[in-house]
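Remarks on the overall topology
Below are the chains, spelled out letter by letter.
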Amino acid sequence: MPTAVYNNHRLNLRLSDPLVGGDGSSIDRSNYLAEDKEMDRGLARAGRLAYEALKIATDARAVAVVASRDTENIQLGRFIAQQNALIAMGNAASDALEEAGDTGNMGPDDVITYISEEIASIGDWVNLIKQDEELVFGRELEKALAEYLNENGSEGSLDKWYATAGEGPIDVSWTVSVKEEGAYALHIKGLPSWGFNEATLSIASKTMNIVRDASGYRGKELIALAPGNYSFSMNNISVSANTGVEDGRFMLTKVDNLAPTIEATFETKFIADHPTTLSENSKFSMYDLEGSHEITGVTALAKHFAPILHFHADEQYRPVSAEDVWNQVGGDTNLNGIELDLSNIDESKLRTAIYSNVLQQDDNNLAINYFFYYPKSNWQDYGGQNNHEGDWEGVTIFFIKSNLEGETFGKWIPTKAAMAQHVDIADNLANHINSDGGDYVNWGDTIMNIENSHPHLYVGLGSHATFAYSDQTTFGGKIDDHTSTDDGLDTSRYIVNLDRMGNESSPSWMQYQGLWGSAGNIRPGTAAPSGLAFWDSSYGSYKNRWFDPWEWSQNFNNTNNRL
């Protein structure tokens, strides 16, 4: 339908709802032009039906019914009702235009979308949509959803949400319980770089296409469901070509009420991980301060460079097995957005573990990630900033391939070690603006003692931040004491290599999207972190050491600048 033709028949809408400043008048149908009589008749019928729908949406009794449905704010009820009216207007216009034979090649969904967009540009609808989006949807509707999630959590279970970036399409099933008989719609929000355009939805012996809508994707048709448990199978989903994490939400909405009601929702994160290119059979030609080494296997390589950790005499915690913690709490990978309850953990039964992963960026860049999990960070007990349960820390050692002539040619040479510490904006701005979450030390720098390829590193008392030297360091006025005179923990004895998450051999606890400890209270820094693939030590990004240790450490400060 050409816009110019439609604009000759634009409706002058004045809403009776005082919420948007309406003057009490109804739709003025005197502005119809008769350039195209068939089109005019179709739009006249659509306009009349739309007006009736609008009257229902702004009727105080109808609004009261909507508002009474677990909604404290009358404005939210008005918003939902008015959105229903907009949908009804689009449907009415679609039916009228099809009856008039003027839809051309446009399907009903296209007509609804087109008419809705056009209506939104007419008269007081501009103010209505703007006000509702900014004042209602942005605040009240999200608040209602947040309250729903707080009361109900993510409902059901998801069988898979992780894959290797750019691999063939995958199938995902969401198992969920339906409490009331009715007509339902499945919506998929977020996941911008995962492809649903070629995907299909199978439910209750019915298969349909998944189509794009204004806010994401949805099943093309409504689904009639009786009370019971159902598995929504979404097949042929293309995996993001970009490594990293993206937020997603599956929502099942009952649509045959006066206003749609949420039946169930599932908050999740989808992972597209690097492929596994290095294994226990991979050969590594290394050259370090001790000379040349030929090493076979990623675990052997991680052991060769594993750090020696030194702890303060008063330190209560050491790195422990995340798998042991997971097994003790009866971990469930579908506990998305929920915390692990560590209150009954028997720490005497937790083995020591140091997790590693070797990642090759290209032909000239290699990194070994070392991850340490502590049951608790109690820095505040020693004058620090905060206490929280669960504490993922660690260090990454970077390598480049030498192009120098002689013995080193074509071998991997260590260049630096990057250590996870604190995000400290105030201290950064005052002293070293390029430090954000950690420091690095060039390999061979006299600041860091290296013994047989093993760097000696020092752990902050309670904070478990990692340093290259024994001393005290101030962050935002808080002292982190990483002095130590102990013999150190030889972490090479406890290395556990982690496979990439696209492989079935990756441990189940790696898939857990919730917090590795208590969510704490509203005070910043009291919540436990998420797992390795979901947590970032800096603000505003999911990019972290698991996916990209080079980007993770690119703004770190050289330790020499602190001294």
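Note that the coordinates shown come from a computational prediction; the quantities given were computed from them, not determined experimentally.

What follows deals with the overall build of the protein. Scanning the protein from N- to C-terminus turns up 10 helices and 27 strands. Per-residue burial over the protein gives 53% buried out of 563 residues. Relative to all contacts within the protein whose residues are 6 or more apart in sequence, the contacts with residues 24 or more apart total 67%.

Summing up the model confidence of the protein, the mean pLDDT is 77 and the portion of residues at 70 or higher is 67%. Long-range and interchain partners of residues 38–43, a stretch whose pLDDT sits below 50, account for 17 contacts in this model, where long-range means more than four residues apart. Scored below 50 in pLDDT, residues 118–142 makes 53 contacts in the model with residues more than four places away or belonging to other chains.

One ladder, built from 7 bridges, connects strand β17 (residues 387–401) with strand β18 (residues 412–420); its direction is antiparallel. Paired with F398 across the two strands is K416, which belongs to β18. In this structure, β18 lies alongside strand β19 (residues 438–442), joined through 5 bridges in antiparallel fashion. Bridge assignment links A418 to a residue of β19, and that residue is Y440.

Before going further, it helps to examine the environment of F398. Structurally, the position occupied by F398 is in strand β17. Exposure remark for F398: the relative accessible area of 3% places this residue in the buried category. Each C-alpha atom of the pair F398 and A418 lies 8.0 Å from the other, and the pair is 20 residues apart in sequence.

Throughout the structure, instances matching the rule amount to 5 salt bridges. For R351, the salt bridge goes to D324, with nearest N and O atoms at 2.7 Å. Here D324 lies in helix α8 (residues 322–328) and R351 lies in the loop between α8 and β15 (354–362), a separation of 27 residues in the sequence. Classification of D324 as buried rests on a relative accessible area of 11%.

Note on placement: S282 falls in the loop between β11 (261–273) and β12 (283–288). Given a relative accessible area of 11%, S282 falls into the buried group. From its side chain, S282 meets the backbone nitrogen of S279 in a polar contact 2.8 Å long. Excluding anything up to four places from it in sequence, S282 contacts T277, I295, T296 and G297.

Evaluation of the coordinates by the stated rule reveals 24 aromatic pairs. Between W509 and W516, the ring centres sit 5.8 Å apart and the planes meet at 85 degrees, which makes this aromatic pair edge-to-face. Relative accessible area serves as the criterion here: at 0%, W516 is assigned to the buried category. By the ring-pair criterion, three or more aromatic residues cluster together here, those being W326, Y355, Y373, W392, W509, Y512 and W516. Taking the ring centre of Y440 as reference, the NZ or CZ of K416 above it sits at 4.9 Å. Its end group placed over the ring of W546, R500 keeps NZ or CZ at 4.0 Å from the ring centre.

Among the 6 residues of strand β21 (residues 454–459), 6 are classified as buried, and the element is accordingly described as predominantly covered. Side chains H454, H456 and Y458 project from β21 onto one buried face, and the interleaved P455, L457 and V459 project onto a second face that is buried too. Pairing of strand β14 (residues 308–310) with β21, which is carried by 3 bridges, proceeds in the parallel orientation. What sits directly across from H310, in β21, is Y458.

About the thresholds
- Residues numbered from 1 in each chain as written.
- Predicted model: local features only at pLDDT ≥ 70, side-chain atom pairs only at ≥ 80, totals over all residues.
- Heavy atoms only, no water.
- Helix = DSSP H or I, 4+ residues; strand = E, 2+ residues; numbered from the N terminus.
- Buried < 20%, exposed > 50% of the residue type's maximum accessible area, 1.4 Å probe, protein only.
- Contact = heavy atoms within 4.5 Å.
- pLDDT = per-residue confidence, 0-100.
- Pairing = 2+ DSSP bridges.
- Salt bridge = Lys/Arg side-chain N within 4 Å of Asp/Glu carboxyl O.
- Polar contact = N/O pair within 3.5 Å; in protein donor to acceptor, adjacent residues only side chain to side chain.
- Phe/Tyr/Trp six-rings, centres within 6.5 Å; stacked < 30°, edge-to-face > 60°.
- Lys NZ or Arg CZ within 6 Å of the ring centre and 35° of its normal.

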